[in-house]
Amino acid sequence: MNIKSTLIIALALLAVSIAPPLAAESSGVKNIPPLQAIASAIKTTFSPASSAPAKNNLPERIVEEQEALVFTAPPRESPEDALQIYQPVAAYLSQAIGKKVVFKYPGTWGVYRTQMLQGKYDIIFDGPHFNSYRMEKLNHNILVKIPERHEFVVIVRKDKASFDTVQQMAGRTFCAHAPPNLATLVLLSKFDNPSRQPVIVSTNGWDKIYEGVVSGKCVGGVLPMLNLKKYDQAGLTKIIFKTQAMPNQAFSAGPRVSLEDQAKIAQALASPDAAGPTEKLRAAFKVGDKFALASNQEYQGLAEYLRNEWGYY
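Scope of this entry: the structure provided in the associated data block. If you're wondering where the values come from, they're calculated on a predicted model, not measured in any experiment. (Residues numbered from 1 in each chain as written. Predicted model: local features only at pLDDT ≥ 70, side-chain atom pairs only at ≥ 80, totals over all residues. Heavy atoms only, no water.)

### Quick notes on the pattern of salt bridges
- Inspection of the entire model under this criterion finds 11 salt bridges.
- Put simply, Lys208 and Glu211 hold a salt bridge, and the shortest N to O gap is 3.9 Å. Taken together, the residues Lys208 and Glu211, both in helix H8 (residues 206–215) and three residues apart, mark about one turn of the helix.
- Glu211 sits in the partly exposed class, given a relative accessible area of 42%. (Salt bridge = Lys/Arg side-chain N within 4 Å of Asp/Glu carboxyl O. Helix = DSSP H or I, 4+ residues; strand = E, 2+ residues; numbered from the N terminus. Buried < 20%, exposed > 50% of the residue type's maximum accessible area, 1.4 Å probe, protein only.)

Next up, the structure:
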């Protein structure tokens, strides 16, 4: 017998046992039949819970969270470091447009991809190929960018005389960030034969990629040209492939952000007033003094690098 049934029987027995004395002791009160007392007890004990409150009855804080614009970036940092970098930007944008903007840390790349494709993010800072994809598929507009343009290079150690082109390196090991990092996708795009692909040795950090090549851990590596100039002052490597310059990381905004607010966000992020709120972000990604205004046109076509990544096309 379950707890609910036991409690009902107990209430019923109690009602039967107390109903007559109550009637005898209070001559001015009308006698209550035992069955009516039982029904009343059961109804009081097991009446259904009231329905969920309407939105208008929810606490103001919860309503604000439901209506807030969501700002995010890929999970390249720890949750603690991400909050340090991006939370000041969210607060600054809230002030700039007069609407609540909250930073949401995605946790994993899988969650990031899924939530982005579902349109759950309103303002995003990430790589040019993602910006191009959202412009093409999710009705985003690109607002501001890192001014310095991207140039990636594929390198080998200088004593590897047998390698002169990147196509010669099919089946060879490459130190590189895991896809969907743009540098790695650029490298993979040079190998159109599925049976003749390089072997990616997942490596975090441009410095670690360079060290992996020089130490012999990997035959090749791919990294930005600016980073190579910084690390390879001794001239230990040689370049076997260099990309054309392409636009850098950028902020985009989706359809839940009005065009008027998108313009306000772009102006705010490119303004000298953004120096404080974006200080840690600019330091983390070598932005320089400030972000530059961007256009959709300059990011056209870069989404193609995501063509072979699961879930995008």
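### Re the sheet that holds strand S6 (residues 173–176)
- Read from one edge of the open sheet, five strands run S7-S6-S8-S5-S9, paired in mixed fashion. Each edge of the sheet is formed by a strand with only one pairing partner; in this case those strands are strand S7 (199–202) and strand S9 (237–242). The sheet shows a mean angle of 35° between the axes of neighbouring strands, direction not considered.
- The sheet contact formed by S6 and S7 spans four bridges and is parallel. Looking across to S7, one finds that Cys175 is bridged to Val201.
- Across the sheet, H8 is in contact with strand S5 (152–157), S6, strand S8 (220–224) and S9; its angle to S8 comes to roughly 150°. (Pairing = 2+ DSSP bridges. Axes fitted to C-alpha atoms, helices over the stretch in contact; angles between N-to-C directions. Contact = heavy atoms within 4.5 Å.)

### Points about the packing of helix H4 (residues 79–97) against helix H10 (residues 259–270)
- Running from amino to carboxyl end, H4 crosses H10 at an angle of 125°, the nearest separation of the two axes being 9 Å. Our classification of the angle between H4 and H10 gives oblique. The element H4 and its partner H10 pack so that their crossing is right-handed. Seen from H4, the contacting residues are Val89, Tyr92, Leu93, Ala96 and Ile97; seen from H10, they are Asp261, Lys264, Ile265, Ala268 and Leu269.
- Classifying every residue of the contact of H4 with H10 by side-chain character gives eight nonpolar, no polar and two charged. (Parallel < 35°, antiparallel > 145°, perpendicular 65-115°, else oblique. Left-handed = near helix turned anticlockwise from the far one by under 90°. Nonpolar A, V, L, I, M, F, W, Y, C, P; charged D, E, K, R; others polar.)

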